[in-house]
Amino acid sequence: MKRTILVVDDDQKIRSLLKTYLEKNQYEVRLAHDGVSFLSEFERFRDELSLCVLDVMLPDTDGFALCQQVRRRSEVPVIMLTASADETDRVVGLELGADDYIGKPFSPRELLARIKAIHRRTGLERGSPPRYYRFHGFVLDALERALIAPDGSSSDLTGMDYQLLKLFLDHPGEVLDRNRLAEATRGRDLGPLDRALDVQVSRLRQRLHDDGKQPSLIKTVRGIGYVLSTTVEVGA
């Protein structure tokens, strides 16, 4: 999946905050401070964008006008930001083609949750699930359940190895707790002394040539679970 987000807001602090937060969550972020700079960035990176975040109140135009222009050129999802509590603004934005609306003040965590929800919905709406996942020099063929290494060699994945890797690839940069991983791969929660998941993760790390003592790809989050620390490109 493309993971580039274009944000336009005339508040420099908000722009910086969102850029820092979203980049920590494995997104690439482009910034604009007014309508003119937004349209310039939009035309430049249109084919790379997965979502736009539009502030309603800008010094040279408004987010509604920008939303209209985006919709004339693209189906990229749009989230609108507003300081107004008026429900009319929300309705207008949605009628113009926005996918979601967030009132100011808001938390970056809330925006991230909305972005992820939109990406899940639009991914489903675009048709069949992706077949290829490209990451860290590897390719997972989800149809054949085969892992292709950077040197071109291919190996078939067992059921649990496939399910575990697929879950990580569907949620790159997201910390997955141990019970969620166990439920997805084994159909049940872990017992207090159950180390089966750790063995499974260790085996997957070996397949990915990831150093078990100092892993750089599948990292341990102490007391919680694991996180896939790389970007993932998805294709049909």
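Here the structure is a predicted model, which means the values were calculated and not measured. (Residues numbered from 1 in each chain as written. Predicted model: local features only at pLDDT ≥ 70, side-chain atom pairs only at ≥ 80, totals over all residues. Heavy atoms only, no water.)

A.B. asks: Tell me about the nonpolar core, residues and numbers included.
C.D. replies: Counting 25 residues, the largest nonpolar core has Phe135, Leu165, Phe168 and Leu208 as the members making the most contacts within it. The set of elements that each furnish at least two residues to this core consists of strand 6 (132–135), strand 7 (138–141), helix 6 (159–170), helix 8 (196–207) and strand 12 (225–228). Considering each element in turn, this core owes the most residues, six residues, to helix 6. By size, the runner-up hydrophobic cluster in this structure holds 20 residues, among which are Phe42, Cys52, Val56 and Ala98. (Core = buried A, V, L, I, M, F, W, Y, C linked by side-chain atoms within 4.5 Å. Buried < 20%, exposed > 50% of the residue type's maximum accessible area, 1.4 Å probe, protein only. Helix = DSSP H or I, 4+ residues; strand = E, 2+ residues; numbered from the N terminus.)

A.B. asks: So, the packing of aromatic side chains: which residues are in play, and what are the values?
C.D. replies: Counted according to the given criterion, the structure contains two aromatic pairs. Residues Phe38 and Phe42 carry aromatic rings whose centres are separated by 5.9 Å and whose planes lie at 25 degrees to one another, so their mutual orientation is stacked. Of this pair, Phe38 and Phe42 are both found in helix 2 (residues 35–45), four residues apart, which corresponds to roughly one turn of the helix. Here the aromatic rings of Phe135 and Phe138 are separated by 5.7 Å at their centres, their planes lie at 20 degrees, and the arrangement is stacked. For the cation-ring pair, Arg3 lies above Tyr27, with the distance from its terminal atom to the ring centre recorded as 4.1 Å. Looking at Arg30, its charged tip hangs above the ring of Phe45, at a distance of 3.9 Å from the centre. (Phe/Tyr/Trp six-rings, centres within 6.5 Å; stacked < 30°, edge-to-face > 60°. Lys NZ or Arg CZ within 6 Å of the ring centre and 35° of its normal.)

A.B. asks: Break down the pattern of salt bridges for me, citing the residues and quoting the values.
C.D. replies: Going through the model one piece at a time under the given rule, you end up with 16 salt bridges. For the salt bridge of Lys19 with Glu23, the shortest nitrogen-to-oxygen distance reads 2.7 Å. Remark: Glu23 and Lys19 occur in helix 1 (residues 12–24); sequence separation between them is four residues, near one turn of the helix. Judged by its relative accessible area of 36%, Glu23 is partly exposed. Lys116 serves as the salt-bridge partner of Glu174, at 3.7 Å between the closest nitrogen and oxygen. Taken together, the residues span a long stretch of sequence, with Glu174 in the loop between helix 6 and strand 10 (176–177) and Lys116 in helix 5 (residues 108–125) at a distance of 58 residues. Each of Asp9, Asp55 and Lys104 takes part in a single network of salt bridges with overlapping partners. (Salt bridge = Lys/Arg side-chain N within 4 Å of Asp/Glu carboxyl O.)

Function cannot be read off these values alone, since they describe shape.
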